[in-house]
Amino acid sequence: MATTTDDDNSSEGPLARWTQSAIQNPEKVYRALFYVAMVFFLVTTLFPFYWLLVLAVTPSGRLLSGSFLPSVDLFGVSATFPLPVPKGFNPEAFITVFEQVPFHLYMLNSFALAVTTTVIVIVVASLAGYVFGRLRFPGRAFLMLGILAVSYFPPAAFVIPLFQAFAGNAPITLPFTEIPLFTPPRLLNTPGSMVLPFSALFMPLSIFILTTFYGQIPDGLEDAARVEGTTRLGALFRVIMPLSAPGVATAAVLTFIAVYNEYFFSSIMATSTEAARWSPIVGGILSYQTQYTTQYNLMAAASIIGVLPVVILVIVAQERIVSGLTSGALKE
Amino acid sequence: MSTETGRESRRSGVLVDAMRWMENLSDTQYAYLLLIPVFVLLGVVALYPLLRTFELSLYATSLDLTGRSFVGIDNYVQLFTGGKNRFLPGGTTFIPSSLSLNALLNSALVVTIIFAVVSVAFETVIGLGQALILDQDFSGRKWVRAAIIIPWAVPIVIQGMVFFLMFNSNVGFATAPLADLGLLAPTNTLNDTASATFIIIVADIWKTSAFMALLILAGLQSIDRGLYDVAKVAGASKWQQFKLITFPLILPTIGVAVLFRSVQAMRVYGIIDTVSSCSVVPSLSCMVVATFNTREGTAAAIAFVTAAIIGVAVMGLIAWQGEDAI
């Protein structure tokens, strides 16, 4: 259909031709709208990263002088170029970032915290996922509801008692009584004060993802393993978990990203922002803001470096992320 | 598998006994045994702190910060009626003292609700658009999908840094054009409550729309594709297909997602702390963090009110969705 109209209107401009064919074939309009929307979303999501790059490569001396929106000569009329561009090119900021503060150590801390939390969450959530996915017992629905409720509560509702307990100054008392139980060790500025809250907060999502996956394994496979002589726990860790490897990977990736993302406990429990005292990436990036106030290019460069691990993870594991969030997110 | 039994017998006696004991448990006993780690973790990190927060909210700290005394629900009464605890650090309050814009923006409860309502509304519309695009088949879909998800995975501190650098009056290129339009304060933009609230909402929309999109995508992918074939045969246009099939069928998913995101938005803290500061844009979580060292009872009361609001919303979600929400 489109080709015939093209021939008829060959004398008109391309826009008129396209309009003509679009009227006769609305599919084309939808296709065009689709690409317009897609480009719009791509630009809006990716633009902030471009802006970080612009700041990072602009030499520090020129950051505060002049506009990032240069004037252009448009057929004799001066206009403002709508896209910010770097004022010069000096990629040194990407090296200076590591010289001024040990940024690699902050990232290593974040990695260590995220990996530790992920391992704890996967083991504990595997046990719970097995229970909820494969066993029928009284109180099942009630317990799932309780776990669900925990993940909904604001971290602020937990932070005061946890901070006091992790400070290790006073004994923990039984709530609503003055009975002292024990004095906990000082955990502020150690992995313990962050890994504990992270594990509890991010575990429910993993439990729900693993419940779905473990529940799908046919009973026969587990029974066969049991007949062969493996123990109950052996069947879980040697048969059920390997068979649900995609689900375990999904839960692990989502937990890792969630911990790497976390701000609330990361900023409160690491009272010292020194890398040597377990401050994660939060402390690293904020230290450019407090100690070197005007070094905006370093803040931008550090942000780009800090965001790279999750960008790579998202590109590599996007199938797992989408399936995990679409099946389990509402149950977080 | 025969080596398995061989390895089993070489283990110490206690372990074998434990295994044998475990084999003989009933399903219910075994279930509760495996849940012990979850109970311990949630008990220590969630249940104990929640009860303790409620307990602390019933006490007031003395002026010299050395002792505390039982005051009952006095902290809550003062939060809502504006007693001595109304005035929190930074000149901010818990509930507004009048209906002027200034008073509203200085109130933690109002700011949190404005933030949740406005950002979730935009995230729903943008997320729906993104989900409709991600649902299509086209070449390069993998890359488009990765690009759209990435903001969701960006650490909050980096998200905060991005928007701090974009709207900061010194280097931010976006401040001047938007100030010309009258949307932002031209100088000290991030120290102006109204401007900072606007920027924080934009930052949250940027990061969380993708998450909303994924939730809606789940609903889109559960629609029976056969319905569209029938609609095509009946001559329905793409718009009619969306209006008559897609939208009604994903409406329940959108409803759950909106409630779910609103609950999450009520605990906003990180983006405020990194882009601006809690003294410029007060939110419920901000107030808790800003006051817990000096006015423990007040902070605990705010934390518990937040938890209660969220608790009610979650109960609503469960009552509406029934077992599906679990």
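Where an unreviewed UniProt entry is consulted, chain B appears under the name Sugar ABC transporter permease, with the organism given as Haloarcula salinisoli. Per its UniProt entry, chain B bears the Subcellular location (unreviewed entry) comment "Cell membrane". Quoted verbatim from the Sequence similarities (unreviewed entry) heading of the UniProt record, the comment on chain B is "Belongs to the binding-protein-dependent transport system permease family."

An unreviewed UniProt entry lists chain A under the name Carbohydrate ABC transporter permease, from Haloarcula salinisoli. UniProt annotates chain A under Subcellular location (unreviewed entry) with the comment "Cell membrane".

### Structural notes on the overall build of chain A
When its secondary structure is counted, chain A shows 14 helices and four strands. Computed over the C-alpha atoms, the radius of gyration of chain A is 28 Å, more than 25% above the 20 Å expected from 2.2 N^0.38 for a compact globule of 332 residues. Taking the principal axes of its C-alpha atoms as reference, chain A extends roughly 85 × 60 × 40 Å. Taking all 332 residues of chain A together, the buried fraction comes to 51%. Long-range pairs, those at least 24 residues apart, make up 71% of the contacts in chain A between residues at least 6 apart in sequence. Carbon and sulfur atoms form 68% of the exposed surface of chain A, whose accessible area is close to 14400 Å². Placing the 15 positive and 17 negative side-chain charges of chain A at their respective mean positions leaves the two points 10 Å apart.

### Focus on the UniProt feature "domain: ABC transmembrane type-1" (unreviewed entry) in chain B
With numbering matched to this structure, UniProt assigns "domain: ABC transmembrane type-1" (unreviewed entry) to residues 109-319 of chain B. The straight-line gap between the two end C-alpha atoms of residues 109-319 of chain B is 25 Å; of that span, 76% is helix and 0% is strand.

### Quick look at a nonpolar patch on the surface
Residue and element names in this part refer to chain A. On the surface, F111, V115, V119, V123 and F237 cluster together into a nonpolar patch covering about 390 Å² of accessible area. Its location among the elements puts V123 in helix 5 (residues 103-134). According to the relative accessible area criterion, V123 is partly exposed, its value standing at 38%.

### Observations concerning the state of the cysteines
All names here are of chain B. Summed over the entire model, instances satisfying the criterion amount to one disulfide over all chains. The side chain of C278 participates in a disulfide bridge whose partner is C286; the two sulfur atoms lie 2.1 Å from each other. Its torsion about the S-S bond being -60°, the disulfide of C278 and C286 is classed as left-handed. The same class applies to C278 as to C286, namely buried.

### A few points about the pairing of strand 2 (residues 77-80) of chain A
Residue and element names in this part refer to chain A. Summarising the sheet, strand 1 (residues 71-74) and strand 2 pair through four bridges and their orientation is antiparallel. For V72, the partnering residue across the bridge sits in strand 2 and is A79. Hairpin connection of strand 1 to strand 2: two residues between the antiparallel strands, including F75 at a positive phi of 50°.

### Quick notes on the UniProt feature "transmembrane region" (unreviewed entry) in chain A
Following the UniProt record, the feature "transmembrane region" (unreviewed entry) maps to residues 32-56, 103-130, 142-167, 194-214, 235-260 and 296-317 of chain A here. For residues 142-167 of chain A, the helix share is 88%, the strand share is 0%, and the end-to-end C-alpha distance is 34 Å.

### Things to note about the confidence of the model for chain B
If pLDDT is low for a region, its predicted coordinates should not be looked at in detail. Residues and elements named next belong to chain B. Per-residue pLDDT for chain B has a mean of 85; in total, 91% of the residues score no lower than 70. Per-residue pLDDT, averaged within each element of chain B, yields its smallest value for helix 1 (residues 2-10) (49) and its largest for helix 7 (residues 108-134) (94). For residues 1-6, every residue scores under 50 in pLDDT, and the model assigns this stretch three contacts once sequence neighbours within four places are set aside. Predicted complex, confidence summary: ipTM 0.89, pTM 0.89.

### Here's the deal with the packing of aromatic side chains
Throughout the structure, instances matching the rule amount to 32 aromatic pairs over all chains. Through a chain of ring-to-ring contacts, the aromatic side chains of F47, Y50 and W51 of chain A together with F173 of chain B assemble into a single cluster. Looking at K142 of chain B, its charged tip hangs above the ring of W143 of chain B, at a distance of 5.3 Å from the centre.

### Describing the packing of helix 5 of chain A against helix 8 (residues 191-215) of chain A
Residues and elements named next belong to chain A. Across the interface, helix 5 lies against helix 8 with an axial gap of 6 Å and an inter-helix angle of 40°. As helix 5 runs across helix 8, the sense of the crossing is right-handed. Its residues assigned to classes, the contact of helix 5 with helix 8 comprises 18 nonpolar, nine polar and one charged.

### Considerations on the interface of chain A and chain B
Taken together, the 107 residues of chain A in the interface contact 110 residues of chain B. Across the interface of chain A and chain B, roughly 9900 Å² is buried in total on both sides, 76% from carbon and sulfur atoms. By the criterion of area lost to chain B, the three top residues of chain A are Y152, R232 and Y263 of chain A, representing 8% of everything that side buries. The partner of R145 of chain B in a salt bridge is E319 of chain A, with the nearest N and O atoms 2.9 Å apart. Put simply, chain A and chain B have 23 residue pairs in polar contact (both at pLDDT 80 or more) between them. Considering every element that reaches the side of chain A that touches chain B, the biggest residue donor is helix 3 (residues 26-57) of chain A, with 17 residues.

### What to know about the pattern of salt bridges
Evaluated as defined, the whole model comprises ten salt bridges over all chains. Between R232 of chain A and D27 of chain B there is a salt bridge, with its nearest N and O atoms 3.3 Å apart. Here R232 of chain A is found in helix 10 (residues 232-243), whereas its partner D27 of chain B is found in helix 3 (residues 27-34) on a different chain. Judged by its relative accessible area of 37%, D27 of chain B is partly exposed. When salt bridges that share partners are traced, they join R134, D219 and E222 of chain A into one network.

### Description of the environment of R225 of chain B
Residue and element names in this part refer to chain B. Topologically, R225 is positioned in the loop between helix 11 (193-221) and helix 12 (226-233). For the pair formed by R225 and R52, sequence separation is 173 residues and the distance between their alpha carbons is 52 Å. Dropping the residues within four chain positions of it, R225 is found in contact with D135 and L220.

### As for the nonpolar core
Formed by 209 residues in total, the largest nonpolar core has its most connected members in F103 of chain A together with W152 and L165 of chain B. Once residues within four sequence positions are removed from consideration, L165 of chain B is found in contact with W51, L52, L55, Y296, M299 and A300 of chain A together with V171 and G172 of chain B.

Thresholds applied
Residues numbered from 1 in each chain as written. Chains lettered and ligands numbered in written order. Predicted model: local features only at pLDDT ≥ 70, side-chain atom pairs only at ≥ 80, totals over all residues. Heavy atoms only, no water. UniProt positions renumbered as here; feature names shortened; annotations may be inferred. Helix = DSSP H or I, 4+ residues; strand = E, 2+ residues; numbered from the N terminus. Rg over C-alpha atoms; globule rule 2.2 N^0.38 Å. Buried < 20%, exposed > 50% of the residue type's maximum accessible area, 1.4 Å probe, protein only. Contact = heavy atoms within 4.5 Å. Areas by Shrake-Rupley, 256 points an atom, 1.4 Å probe, with all protein chains shown as cover. Lys, Arg positive; Asp, Glu negative; His and termini not counted. Charge placed at Lys NZ, Arg CZ, Asp CG, Glu CD. Patch = residues over 30% accessible without salt bridge, like charges linked within 9 Å, V, L, I, M, F, W, Y side chains within 5 Å. Salt bridge = Lys/Arg side-chain N within 4 Å of Asp/Glu carboxyl O. Disulfide = S-S within 2.5 Å. Pairing = 2+ DSSP bridges. pLDDT = per-residue confidence, 0-100. Phe/Tyr/Trp six-rings, centres within 6.5 Å; stacked < 30°, edge-to-face > 60°. Lys NZ or Arg CZ within 6 Å of the ring centre and 35° of its normal. Axes fitted to C-alpha atoms, helices over the stretch in contact; angles between N-to-C directions. Left-handed = near helix turned anticlockwise from the far one by under 90°. Nonpolar A, V, L, I, M, F, W, Y, C, P; charged D, E, K, R; others polar. Buried area = accessible area lost by both parts, 1.4 Å probe. Polar contact = N/O pair within 3.5 Å; in protein donor to acceptor, adjacent residues only side chain to side chain. Core = buried A, V, L, I, M, F, W, Y, C linked by side-chain atoms within 4.5 Å.

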